[in-house]
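Chains, contacts and geometry: an overview
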There are 2 protein chains.
Amino acid sequence: MERSKKPTINDVARLSGLSKKTVSRVINNEGFVREETRQRVRDIAAQIGYQPDRRARALAAKRSFIIGLTFDNANASYVLDLLQGALAEANARGYEIIPHPTDGARGAGEVADFIARAGIDGAILSPPMSELGAITAELMSWGCPVVRIAGDDAATPAHQVRFDDRSAAVAMTAYLIGLGHTRIGFVGGTEHQGPSRRRLAGHIDALAARGLALAPEHIAWGDFTFASGVACGLRLLRQAGRPSAVFCCNDEMAAGVIHAARDLGLDVPGDVSVTGFDDAPIALQLWPTLTTIKQPVRDMGVTAAQRLIAMIENPATRPAVDELRHSLILRESTAKPRQ
Amino acid sequence: MERSKKPTINDVARLSGLSKKTVSRVINNEGFVREETRQRVRDIAAQIGYQPDRRARALAAKRSFIIGLTFDNANASYVLDLLQGALAEANARGYEIIPHPTDGARGAGEVADFIARAGIDGAILSPPMSELGAITAELMSWGCPVVRIAGDDAATPAHQVRFDDRSAAVAMTAYLIGLGHTRIGFVGGTEHQGPSRRRLAGHIDALAARGLALAPEHIAWGDFTFASGVACGLRLLRQAGRPSAVFCCNDEMAAGVIHAARDLGLDVPGDVSVTGFDDAPIALQLWPTLTTIKQPVRDMGVTAAQRLIAMIENPATRPAVDELRHSLILRESTAKPRQ
DNA sequence: CTGAAAGCGCTTACAG
DNA sequence: CTGAAAGCGCTTACAG
């Protein structure tokens, strides 16, 4: 869309009696401009409502002020929270975000196509694609700044914004042990992905800290969907020595486990306590409401955009890891074990 | 990001021995190019991996090949489905999408700022902002092509992609009547918005067709949230002559009504049938699973992008209304009334 | 059916 | 601290 007669840099230059280069310096906060000159440019720009044209800037500066955000549609509220956080930060710094749905199965080439086609300045990779070190490495080797959300620690040294899964899992399991549970089942998401692995490690840590062990038959692997939660729930709860509590790696699977418990005639939390992970909207809509872990997903989006923009504007920025903390949210799906 | 030596239109022109204007004609499917010439340009472009630079096109043509999509975060899966549909269609036609969270309360000015700042070619407005005729009218008066999702019929003649709420409601209520229900409660979303009004109208139509009337005490207005569903459910189901079925205007409120029924010691669907609207993920995660209406949200996104691009590329395109149809999804939350 | 010229609104690289 | 020139990679408007 085009507004009829948008003022340009030339208008500001003419009206202020300066060259457009000087106006450009002020717009871009470049320094080496007398304070008085700077102020004059700002006044005139404000007065005529001048906004730099992002298309022209993009062409001349060879950057677009647009960031890409790849996502997978596994979890709508996660994706949207992340997007909103990143958008808030990006907009405040003069950037826009173009989302790109992909699943990583199509490889780095597909993402590279997107990057080239959309002409973006950098990318935020959300899980599960962010787990694929090879894709991150490839994008970076092409000179594309990348920030990974919840990427795997061991992989390429790209910037990561991570959630401390392990200590969150420790907190949850310690809470269940504190209630008196000793047989606590574990329902993992996709087995080879980092988050579930780290949560399992934290779960085992917390058990070990109280001298407890995790029985192999008390572990079930799903894929973060409700249906897989039902299947895992049935498997765990049909056992003779069934767990009195089940730790699930997301809220959807926890909903599935609750569903399975009901199918087996078990009361939640009377016969079995169930915990989730994420504090998705569903956690409040279940009956009973779900004890869970809240990830600061929106904040992760904010941090990711902030770090990515820093990398774009200063290529010398060193990759780092931001690790954000959980909160444990207690609701109705957990109780002391029945004696 | 910048790929090292991206081929430009000049490379294609030089290699093919043609002018860059001719290459440009081929790229833009402009016609008036000999078929043989066209083919040669295409071959060379493919061979050297030429992709037109969107920044340069944007600057020269005064359009960006980017579409804006405003959204409200009320319902994550709705927003994401819409975005994915619009994205699929837009990408296939060479456009990208920039999402913009807003709630309409900040008025047209806020959206106009976004449009100017992002330099987009047109906007898709999703509900509830799309219901605000004044905003649509204002954007259009500034020459910005707009397509509304689920906008109100009575308002400005902007293009609308709509869901036929009324006949969907008729189908749902007719189904409940077919089961033998005669006292059917209605839980509306925000009272003054079109969708709920149209659903109420359909509900009343279907009742009237069987000679039934909707008792005023069987109507409750919520705001599409789970909590409002609980409140409405308690209000309706505590009555002496309580309904034997409750028609809810979305799945979240239906989840709330089911929750309320349980709190009152009522079995669903034994004592009361409950129906939803949307077929959101939660519909499958409830216990019992929810009988509901599926809106083709993704298809609405596809259609909206298609229409908007048509308007951008041909300003003479006349506004029209696309009305997409529902499907009724029968699950476990509905049954014959207990006699 | 094809092309040479001008220009979109900025920034870069250089000069002073 | 400031500016004149050139150019980013395309499209527009015009001419043939």
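Up top is the structure these notes are about.
Calculation criteria
- Residues numbered from 1 in each chain as written.
- Chains lettered and ligands numbered in written order.
- Predicted model: local features only at pLDDT ≥ 70, side-chain atom pairs only at ≥ 80, totals over all residues.
- Near = placed C-beta within 6 Å.
- Helix = DSSP H or I, 4+ residues; strand = E, 2+ residues; numbered from the N terminus.
- Nonpolar A, V, L, I, M, F, W, Y, C, P; charged D, E, K, R; others polar.
- Contact = placed C-beta atoms within 7 Å.

**Topic: the protein's contact with DNA strand C**
- Contacts to DNA strand C come from 24 residues, most closely from Ile9, Ser24, Ala56 and Ala60 of chain A together with Ser19 of chain B.
- Every element with two or more residues in the surface near DNA strand C is listed here: helix H2 (20-27) and helix H4 (54-61) of chain A together with helix H2 (20-27) and helix H4 (54-61) of chain B.
- Sort the elements by how many residues they give to the surface near DNA strand C and H4 of chain A lands first, with five residues.
- In terms of residue class, the surface near DNA strand C is built from 12 nonpolar, six polar and six charged.

**Let's talk about the interface of chain A and chain B**
- Taken together, the contact between chain A and chain B spans 44 residues of the former and 46 residues of the latter.
- Elements with a contribution of two residues or more to the side of chain A that touches chain B: H4, helix H5 (76-92), strand S2 (96-101), helix H6 (107-118), helix H11 (251-263) and helix H12 (282-285) of chain A.
- Residues of the side of chain A that touches chain B, tallied by class, amount to 24 nonpolar, 10 polar and 10 charged.

**Remarks on the environment of Val170 of chain A**
Residues and elements named next belong to chain A.
- Among the secondary structure elements, Val170 is positioned in helix H8 (residues 165-179).
- Remark: the alpha-carbon pair of Val170 and Gly188, spanning 18 residues in sequence, is separated by 15 Å.
- Not counting residues up to four positions away in its chain, the partners in contact with Val170 are Gly202, Asp205 and Ala206.

**Some points on unusual backbone geometry**
Residues and elements named next belong to chain B.
- Here the amide bond leading from Val268 into Pro269 is cis, since omega sits at 10 degrees, within 30 degrees of zero.
- Summarising the element assignment, Pro269 is placed in the loop between helix H11 (251-263) and strand S9 (273-275).
- Trp287 connects to Pro288 through a cis peptide bond whose omega is 5 degrees.
- By secondary structure assignment, the location of Pro288 is in the loop between helix H12 (282-285) and strand S10 (292-294).

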